[in-house]
Amino acid sequence: AASAAAAPGATEGAAATLATLERALTDPAVATLKALGGLLAVTPPRPCPGVNAADTTAVRREASDKTGPFYVDAVCAGQQPYADGVAFRIVFPSTGPPRIRQATLGATAVVGDDADHHGRRCGLEFYAALLEAHGDEPGDAFSLPKVLKGLCDALVDDGSRRWSALAGQHARRRSVIEKYRGDFPAHRLGAFTELDERDALVLAVAGRDGPFAPPLLPRTALAPRLVAALEAGDPAAACDPVCEGVWAFDLFSPEFVEDLLAEIDYFYSSKLPAARPNSMNNYGVIVNDVGLEPFIACLQRRVLTPLAAALFGDEGRGDPATGFDSTHAFVVKYREDEDPHLDVHTDDSDVTFNVCLGRVFEGCGLVFCGMIGAADHRCHKHTFQHTVGRCVVHLGSRRHGADNITSGERLNLVIWNHGLAWRESPGAAAHQRAYEQEGGPPDPRCVSYTHDRDYGTYKSYPEGREKFQGRGWCPPRGAEYDGFREDAPP
């Protein structure tokens, strides 16, 4: 992928920013936060793996590029329900205030005014509070020590209705995790059996570099071919091409797949409530909401990020794999009498990893089509047949769906990965503004009853889905193929 060219003087300005951040880690105020238990961990500053270039596209940085911006990861703790820690990524440019993203799922006063569930960007109220608290003091109100103190303070009750309401939302999510951790002793994963949640989150965010982090992510959790590729510094060597823009590889060892599936079954057997992963899956579970968020964050940092960087690059409107800083991970379940299939769609994900956990099943192949907005976005590319332990990886903007399952039950762990540099670039939403005209009629395997205006031209609506007839939006007007025929409302 391309690298942003450094402007004159950028190196000197970045060196000063880096030196300031490194000195800040030894500031007495940071030591005080640690001593008081508000700051559980903070990492040394590192160059951001991806940046928004001068033309506002997200680009990959060369390893030798030290021009900034730089990021620091931190885990802060406060009163209940924040006592077990909340992770943040803080990005410092050479000038201006830092960009702050809450990596941990949940409601806090830091991002309470961000309507984007997957964005979790720091809200204006947080910046205003920093200026109010430190605007008259010498130095920068947005220095690292003051930002860290502000994050810790935001997790402590300030007596406001807003804080109480957000903490109440977070407490409801936390109550399931705490009950599952505390009331159900027969766990199978090290994230539960060998670590408390605080230690697991600190290990995930601030543990030593490398592909493994036992007991959260031991070497034995990963498939042997992937272990060898990661240790050799060539993660792409573990992957096999499926079709254009899609790869497959063995992610977990058979023993770990068995333990992970047993953990998911154990949660189902607990009968604890769980939010469903999205509007299209009715029988899955968000694994970050049942106590596995530290494990997923660790997996993302050490395995998924280098894999995505090796497989994907500049797509013409930027690089979706410039670097990840948050996840949405969930298990989906398919059965003939529950969710038998998944309508074709795109993901709210920069890069998606989808690994089959089991069980015995037939059918339910994963249909891949073109990239959203492209002339061939509804043309069939490949149907991937899942096998246990095998992971398929693709950009979230590739249209895909699951065929009908004909027998048995299939469970998959799906991990959506998000990065701030890509998500804040216009290229991330360019397809919404500039759909190419379709080159011809779609392949029936790639039409969507949820989204497409002409679904009924090629297929009958599934039972119970007739309500979508006449409600589609795709292709947008002006991007139809020659001879397009739109469904009439029922």
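Just above, that's the structure.
Notes on the structure follow. (Residues numbered from 1 in each chain as written. Predicted model: local features only at pLDDT ≥ 70, side-chain atom pairs only at ≥ 80, totals over all residues. Heavy atoms only, no water.)

## Details of the pairing of strand β8 (residues 240–243)
For step 1, the next point in the chain: As paired strands, β8 and strand β9 (residues 246–250) are joined by three bridges and run antiparallel to one another. Pairing of P241 across the sheet is with W247, part of β9.
For step 2, the next point in the chain: Hairpin connection of β8 to β9: two residues between the antiparallel strands, including G245 at a positive phi of 80°. (Pairing = 2+ DSSP bridges. Helix = DSSP H or I, 4+ residues; strand = E, 2+ residues; numbered from the N terminus.)

## Remarks on the packing of aromatic side chains
For step 1, the next point in the chain: Across all of its chains, the model carries 19 aromatic pairs by this definition.
For step 2, the next point in the chain: Each ring, one from Y127 and one from F142, has its centre 5.8 Å from the other, and the planes form 75°; the classification is edge-to-face. Remark: F142 occurs in the loop between α3 (124–134) and α4 (144–154) and Y127 occurs in helix α3; sequence separation between them is 15 residues.
For step 3, the next point in the chain: Taking the relative accessible area as the measure of exposure, Y127 reaches 11% and is therefore buried.
For step 4, the next point in the chain: The buried category is assigned to F142, whose relative accessible area is 13%.
For step 5, the next point in the chain: Ring geometry for F249 versus F353: centroids 6.2 Å apart, planes at 85°, classification edge-to-face. Here F249 is found in strand β9, whereas its partner F353 is found in strand β13 (residues 351–358), with 104 residues between them in sequence. The burial state of F249 is the same as that of F353; both residues are buried.
For step 6, the next point in the chain: Connected via pairs of aromatic rings, a cluster forms that spans Y180, F184, F192, Y266 and F267.
For step 7, the next point in the chain: Across from the ring centre of Y268, 4.8 Å away, lies the NZ or CZ of K333, which sits over that ring. (Phe/Tyr/Trp six-rings, centres within 6.5 Å; stacked < 30°, edge-to-face > 60°. Buried < 20%, exposed > 50% of the residue type's maximum accessible area, 1.4 Å probe, protein only. Lys NZ or Arg CZ within 6 Å of the ring centre and 35° of its normal.)

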